[in-house]
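Structural overview
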Amino acid sequence: MATIFTCPNCHNQLQGTQCSAFYRCQFCKAKISVEKCETVPKGPVNFRWTTKLYGSGSLCSTSDQKPKPMMCSTSGHQPKKAFLCGVSYEKKQHKLKGTVNDVNRMKTLLVDQFRFPEIAIRVLTEEQIDPNLTPTKKNIQKALSWLVEDCKSGDSLVFYFSGHGLRQPDFSQDEIDGYDETICPSDFMTAGMIFDNDINTTIVKPLKKGVKLHAIVDACHSGTILDLEHVYNRKVKRWVNNKPPSGASKSTNGGLAISLSACADDQMAADTSAFTGNEMTGVLTYLLVQTIAENPNITYGGLLDKMHEKIAHANKHGCLHSLFLNKLFRRKLLQECQLSSSKEFDVDKETFKF
């Protein structure tokens with residue numbers, strides 16, 4: 001008999017087939033026991049249950065009489081906090097195959113290398129059982145607000161998105177190139193896209209002095225997806241102005257926002273198996289994780305250079321997963337990873353660190 005429960009370590013919902021058994025969370029790999037406490041005599045069988053995370057000593061249990069799953073909630077302030085979102089667009093013509101792989105790679109990087117506590121990482125994917133943890137427009141907006149709420153000096157925040165990105169004409173004169181950039185939730189065909197203006201308002205403007213936000217956006221047309229005021233030009237090795245022609249303020253409340261995106265605003269980003277051999281992944285995500293693993297103390301400038309070198313190397317071979325994309329991209333990854341920031345800094349001296 002199946003029962004739904006929530007991993008007390010990473011808060012993702014799981015499904016078990018029996019009680020009083022051990023489970024391994026498919027997301028964070030934590031070892032969990034789920035113990036039956038009480039059955040409901042009428043209707044579908046449900047359980048009141050407790051979940052125990054082995055290795056940490058934490059225990060979460062129900063205290064009310066309702067036969068519903070119990071979720072452990074984060075208590076106290078978390079100085080390291082992340083929101084990871086992967087949208088696959090299941091059962092749609094524009095389906096992506098590598099976004100869940102991307103989310104798992106980013107989560108492993110944050111936990112293993114940068115010591116983010118798993119309890120402070122919120123994950124939205126279409127694999128989630130809980131409808132509140134699927135990447136709809138409403139859920140993404142809520143998670144973005146959650147990421148920056150109650151932020152304090154010394155906090156490190158991460159927003160990660162893997163999915164589709166699009167462009168729309170800008171009618172408010174906020175964009176130098178005349179286009180707004182967007183990310184596409186799972187329900188964007190009905191609920192609409194999330195615009196760069198809204199992302200800036202939600203997670204950039206609230207950043208207080210001493211708070212650092214990193215956004216990693218693996219999507220098409222994502223170069224200035226946070227509308228940050230400075231974009232680094234790798235070819236001339238200097239920051240260029242990206243302030244709105246309208247004069248609108250896109251700055252933080254004293255904090256620092258840094259964005260790494262898959263490509264320039266007028267470029268497309270690929271979902272490919274070129275670097276793994278069989279598993280689909282976003283180019284930015286794979287190269288970011290691999291490069292940091294190989295060079296733990298790399299600078300922002302060095303990171304950009306290494307990722308561009310790896311793309312150039314992949315372009316010596318046919319590197320895309322479908323005949324359509326091979327034709328569209330002319331068998332090459334025509335994307336250049338972009339760096340933007342709310343403040344200028346020396347990219348060749350500043351070490352990349354979440």
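Read on for an overview of the structure.

Rules used in this analysis
- Residues numbered from 1 in each chain as written.
- Predicted model: local features only at pLDDT ≥ 70, side-chain atom pairs only at ≥ 80, totals over all residues.
- Heavy atoms only, no water.
- Helix = DSSP H or I, 4+ residues; strand = E, 2+ residues; numbered from the N terminus.
- Buried < 20%, exposed > 50% of the residue type's maximum accessible area, 1.4 Å probe, protein only.
- Contact = heavy atoms within 4.5 Å.
- Expected span 1.5 Å × (residues − 1).
- Salt bridge = Lys/Arg side-chain N within 4 Å of Asp/Glu carboxyl O.
- Phe/Tyr/Trp six-rings, centres within 6.5 Å; stacked < 30°, edge-to-face > 60°.
- Lys NZ or Arg CZ within 6 Å of the ring centre and 35° of its normal.
- Pairing = 2+ DSSP bridges.
- Axes fitted to C-alpha atoms, helices over the stretch in contact; angles between N-to-C directions.

On to the overall build of the protein. The helix and strand inventory of the protein stands at seven helices and 19 strands. Counting only residues that meet the buried cut, the protein has 55% of its 354 residues in that class. Once local pairs closer than 6 in sequence are excluded, the contacts in the protein between residues at least 24 apart make up 64%.

Okay, helix α6 (residues 300-314) next. Between its first and last C-alpha, α6 extends 21 Å over 15 residues, near the 21 Å set by a 1.5 Å rise per residue. Every buried residue belonging to α6 is among Tyr300, Gly301, Gly302, Leu303, Leu304, Met307, His308, Lys310, Ile311 and Ala314, and all of these are buried. Of the surrounding elements, those touching the buried residues of α6 are β13 (212-218), β14 (230-233), β16 (256-261), α5 (283-294) and β19 (338-341).

Turning to the pattern of salt bridges, a few remarks are in order. The tally for this structure, following the rule as stated, stands at seven salt bridges. Residue aspartate 227 is joined to lysine 250 by a salt bridge in which the shortest nitrogen-to-oxygen separation is 3.2 Å. Residue aspartate 227 is found in the loop between β13 and β14, and its partner lysine 250 is found in the loop between β15 (238-241) and β16; the two are separated by 23 residues along the sequence. A relative accessible area of 6% places lysine 250 in the buried class.

Inspection of every chain in the model, using the stated rule, returns eight aromatic pairs. Note on phenylalanine 83 and phenylalanine 159: the rings are 5.6 Å apart at their centroids and 25 degrees apart in plane angle, and the pair reads as stacked. Of this pair, phenylalanine 83 sits in strand β7 (residues 80-86) while phenylalanine 159 is found in strand β9 (residues 156-162), placing the two residues 76 residues apart along the sequence. Exposure remark for phenylalanine 159: the relative accessible area of 1% places this residue in the buried category. Seen in terms of ring centroids, tryptophan 239 and phenylalanine 345 are 5.2 Å apart; in terms of plane orientation they differ by 55 degrees. Their pairing is tilted. Highlighted residues: tryptophan 239 in strand β15 and phenylalanine 345 in the segment after β19, separated in sequence by 106 residues. Each member of the pair tryptophan 239 and phenylalanine 345 is classed as buried. The ring of tryptophan 146 carries lysine 81 above its face, with NZ or CZ at 4.5 Å from the centroid. Lying over the aromatic face of tyrosine 179, arginine 167 brings its terminal NZ or CZ to 4.3 Å of the ring centre.

Attention now moves to unusual backbone geometry. Positive phi outside glycine occurs at arginine 115, with the angle close to 60 degrees. Among the secondary structure elements, arginine 115 is positioned in the loop between α1 (99-113) and β8 (121-124). Positive phi, close to 60 degrees, is recorded for aspartate 150, a residue that is not glycine.

Glancing now at the sheet that holds strand β12 (residues 194-195). What the three strands build is an open sheet, ordered β10-β11-β12; its pairing is antiparallel. Two strands bound the open sheet, and with one partner strand each, they are β10 (165-169) and β12. Bridge count for strand β11 (residues 179-183) against β12 is two bridges, and the pairing is antiparallel. Across the sheet, threonine 182 pairs through a bridge with phenylalanine 195, a residue of β12.

With that settled, consider the sheet that holds β19. Taken in spatial order, the eight strands of this open sheet run β8-β7-β9-β13-β16-β19-β14-β15, and their pairing is mixed. Whereas interior strands pair on both sides, the edge strands pair on one side only; in this sheet they are β8 and β15. Shown here is a sheet whose adjacent strand axes are inclined to one another by a mean of 20 degrees, direction ignored. Two elements, β7 and β9, share seven bridges in a ladder whose sense is parallel. Bridge pairing in β9 links cysteine 85 to phenylalanine 161. Sitting on the sheet, α6 is in contact with β13, β14, β16 and β19, with an inclination near 10 degrees to β16.

Taking 1.5 Å of rise per residue, the twelve residues of α5 would be expected to cover 16 Å, and the 16 Å separating its terminal C-alpha atoms lies within 8% of that figure. With respect to burial, α5 is a largely interior element, nine of its twelve residues being buried. Listed in full, the buried residues belonging to α5 are Val283, Leu284, Thr285, Tyr286, Leu287, Leu288, Val289, Thr291 and Ile292.

Moving on, we get to the pairing of β14. In this sheet, β15 lies alongside β14 in antiparallel orientation, the contact comprising four bridges. The residue of β15 that forms the bridge with tyrosine 232 is tryptophan 239. Bridge count between β14 and β19: two bridges; the pairing is antiparallel. Considered in β19, the bridge of histidine 230 is made with serine 341.

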